[in-house]
Amino acid sequence: MSIRIIGDTLPNIPWQEKEDESHSPAWRYSNNPIIKRNPTKSAARIFNSAVVPFNGQFAGVFRADHKHMQPFLHAGFSRDGLNWDIDGEPIHWVDEEGNDYPMGRFEYDPRVVKVDDVYYIIWCCDFAGCYAIGLGWTVDFKKFVRLKNPFIPFNRNGVLFPRKINGNYLMLSRPSDNGHTQFGDIFVSESPDLTYWGNHRLVMRSGINWWQSTKIGAGPAPIETDKGWLLFYHGVITNCNGFVYSIGAALLDIDEPCKVLLRTNKYILTPEVDYETNGFVPNVCFPCAALADADTGRIVIYYGASDTYTALAFTTVKELYDFMLENNELGIDDGRVVR
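When its secondary structure is counted, the chain shows two helices and 25 strands. Here the C-alpha atoms of the chain give a radius of gyration of 18 Å, agreeing with the 20 Å that 2.2 N^0.38 yields for 339 residues. Long-range pairs, those at least 24 residues apart, make up 55% of the contacts in the chain with a sequence separation of at least 6. By element, 49% of the accessible surface of the chain is carried by carbon and sulfur atoms, the whole surface being about 14,200 Å². Side-chain charges of the chain comprise 32 positive and 41 negative groups, with the mean position of each set lying 3 Å from the other.

Right, dumping it as structure tokens:
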């Protein structure tokens with residue numbers, strides 16, 4: 001069946017044709033990882049980071065774990081989306097009046113979403129000593145303005161939709177706790193002004209099948225298609241050696257994104273190769289950004305590998321849609337609706 005991306009033409013996104021005959025709709029870049037260990041003077045590892053098109057090239061906000069182990073956000077630029085010039089110093093935030101805004105103890109796992117002409121940054125921040133969602137914006141990736149926290153602790157994996165829906169901003173999130181959460185479902189919230197948030201609704205639950213049985217969380221900003229919002233997300237299983245993070249996909253209703261139309265019962269990417277299975281935190285594929293070309297249907301996924309590297313995977317909207325139709329999670333299981 002046909003499906004079409006609604007969005008910009010991006011002919012210069014990174015791309016590599018599929019070479020293997022695997023049944024997965026996503027395939028890895030042969031030159032992964034694109035960001036290796038000790039990429040800057042201050043950073044030991046850069047991973048779980050966000051990339052967007054910018055002025056015909058690319059810009060990003062990167063999670064950089066410094067050599068004292070604390071993570072902070074750094075800006076970066078690239079001509080080709082593969083080779084990055086990342087600032088050596090963390091992003092300096094100012095408040096809405098232009099006053100310095102202190103960073104806190106940590107900043108990590110950013111997403112960047114363009115809404116109209118503004119690039120919004122959403123990340124996990126230090127809020128009164130707790131884990132919460134931070135929100136800010138930039139127009140040039142040089143000046144960064146901090147907004148009020150959208151939610152109280154504890155919450156992670158905040159992701160804005162790339163346009164207003166029914167007049168409101170929408171944000172996906174995963175309520176959590178103050179530790180390395182052993183649970184997590186995806187919810188959606190609305191706001192007329194990015195300050196006051198409400199109408200919180202469940203989108204998807206974890207615990208449906210093994211690869212996503214412990215928790216799930218939204219990944220990159222949803223991609224608009226003529227069939228609905230395409231959402232990449234991470235799913236986690238707990239085994240005898242700890243957590244394993246894989247990548248799945250879902251299709252949400254275009255006007256009511258709390259309604260799930262399709263959801264993969266199989267992962268589309270799971271830790272299998274050395275840079276995903278061996279690192280600071282083994283067995284992690286964690287998506288934070290995706291670039292989509294409306295003309296060709298090509299999609300490139302930026303993901304963190306083993307909390308150590310930044311890597312790329314490729315797919316097309318048609319191949320992914322066909323896979324989702326063939327491996328759809330939705331249905332009735334033991335008398336309950338699976339979502």
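A few words now on the sheet that holds strand β13 (residues 169-175). Across the sheet, which stays open at both edges, the four strands sit in the order β12-β13-β14-β15 with antiparallel pairing between neighbours. Both outer strands of the open sheet, β12 (155-160) and β15 (198-204), are each paired with one neighbouring strand and no more. Here the strands of the sheet are splayed against their neighbours by 30° on average, with no regard to which way each runs.

Once that is clear, we can look at the nonpolar core. Membership of the largest hydrophobic core comes to 28 residues, with the highest contact counts inside it found for Leu230, Phe232, Ile268, Ile299 and Tyr303. At the level of secondary structure, the elements contributing two or more residues to this core comprise β18 (228-239), β19 (242-252), β21 (285-292), β22 (298-305), β23 (309-316) and α2 (317-326). Per-element tally for this core: the top contributor is α2, with five residues. Those residues in contact with Ile268, other than ones at most four positions away along the chain, are Ser24, Pro25, Ala26, Phe232, Ile247, Gly248, Ile301, Leu320 and Phe323. Core analysis: the next-biggest nonpolar cluster, separate from the first, contains 21 residues, Ile13, Ile34, Ala289 and Val300 among them.

Our focus in this paragraph is the pattern of salt bridges. On inspection of all chains with the given rule, the structure shows 15 salt bridges. In this structure, Glu276 and Arg28 form a salt bridge, with 2.8 Å as the shortest nitrogen-oxygen distance. With a gap of 248 residues between them, Glu276 in helix α1 (residues 274-277) and Arg28 in strand β1 (residues 27-28) connect regions that are remote in the sequence. Glu96 is the salt-bridge partner of Lys148, the closest N and O atoms lying 3.6 Å from each other. Pair noted here: Lys148 is in the loop between β11 (144-146) and β12 and Glu96 is in the loop between β6 (93-94) and β7 (100-101), with a separation of 52 residues, a long-range link. Each of Arg45, Arg63, Asp65 and Asp109 takes part in salt bridges that share partners, so that together they form one network.

A separate point is the packing of aromatic side chains. Inspection of the entire model under this criterion finds 22 aromatic pairs. Arranged with centres 6.2 Å apart and planes meeting at 50°, the rings of Phe54 and Phe77 form a pair that is tilted. Residue Phe54 is located in strand β2 (residues 43-54), and its partner Phe77 is located in strand β4 (residues 71-78); the two are separated by 23 residues in the primary sequence. By relative accessible area, which is 12% here, Phe54 ends up buried. Taken together, the aromatic side chains of Phe54, Phe77, Trp93, Tyr119, Trp123, Phe141 and Phe144 make up a single cluster linked through ring pairs. The ring of Tyr131 has Arg156 lying over it, and the distance from NZ or CZ to the ring centre is 4.4 Å. Directly above the aromatic system of Phe243 lies the positively charged group of Lys215, at a separation of 4.6 Å from the ring centroid.

All right, on to the pairing of β13 then. Strand residues, when the strand is regular, have side chains that alternate between the two faces of the sheet. When you tally the buried positions in β13, you get six out of seven residues, the bulk of the element. Two elements, β12 and β13, share four bridges in a ladder whose sense is antiparallel. Bridged to Asn155 within β13 is Pro175. As paired strands, β13 and strand β14 (residues 186-191) are joined by five bridges and run antiparallel to one another. Paired with Leu170 across the strands is Glu190, a residue of β14.

What counts, and at which threshold
Residues numbered from 1 in each chain as written. Predicted model: local features only at pLDDT ≥ 70, side-chain atom pairs only at ≥ 80, totals over all residues. Heavy atoms only, no water. Helix = DSSP H or I, 4+ residues; strand = E, 2+ residues; numbered from the N terminus. Rg over C-alpha atoms; globule rule 2.2 N^0.38 Å. Contact = heavy atoms within 4.5 Å. Areas by Shrake-Rupley, 256 points an atom, 1.4 Å probe, with all protein chains shown as cover. Lys, Arg positive; Asp, Glu negative; His and termini not counted. Charge placed at Lys NZ, Arg CZ, Asp CG, Glu CD. Pairing = 2+ DSSP bridges. Axes fitted to C-alpha atoms, helices over the stretch in contact; angles between N-to-C directions. Core = buried A, V, L, I, M, F, W, Y, C linked by side-chain atoms within 4.5 Å. Buried < 20%, exposed > 50% of the residue type's maximum accessible area, 1.4 Å probe, protein only. Salt bridge = Lys/Arg side-chain N within 4 Å of Asp/Glu carboxyl O. Phe/Tyr/Trp six-rings, centres within 6.5 Å; stacked < 30°, edge-to-face > 60°. Lys NZ or Arg CZ within 6 Å of the ring centre and 35° of its normal.

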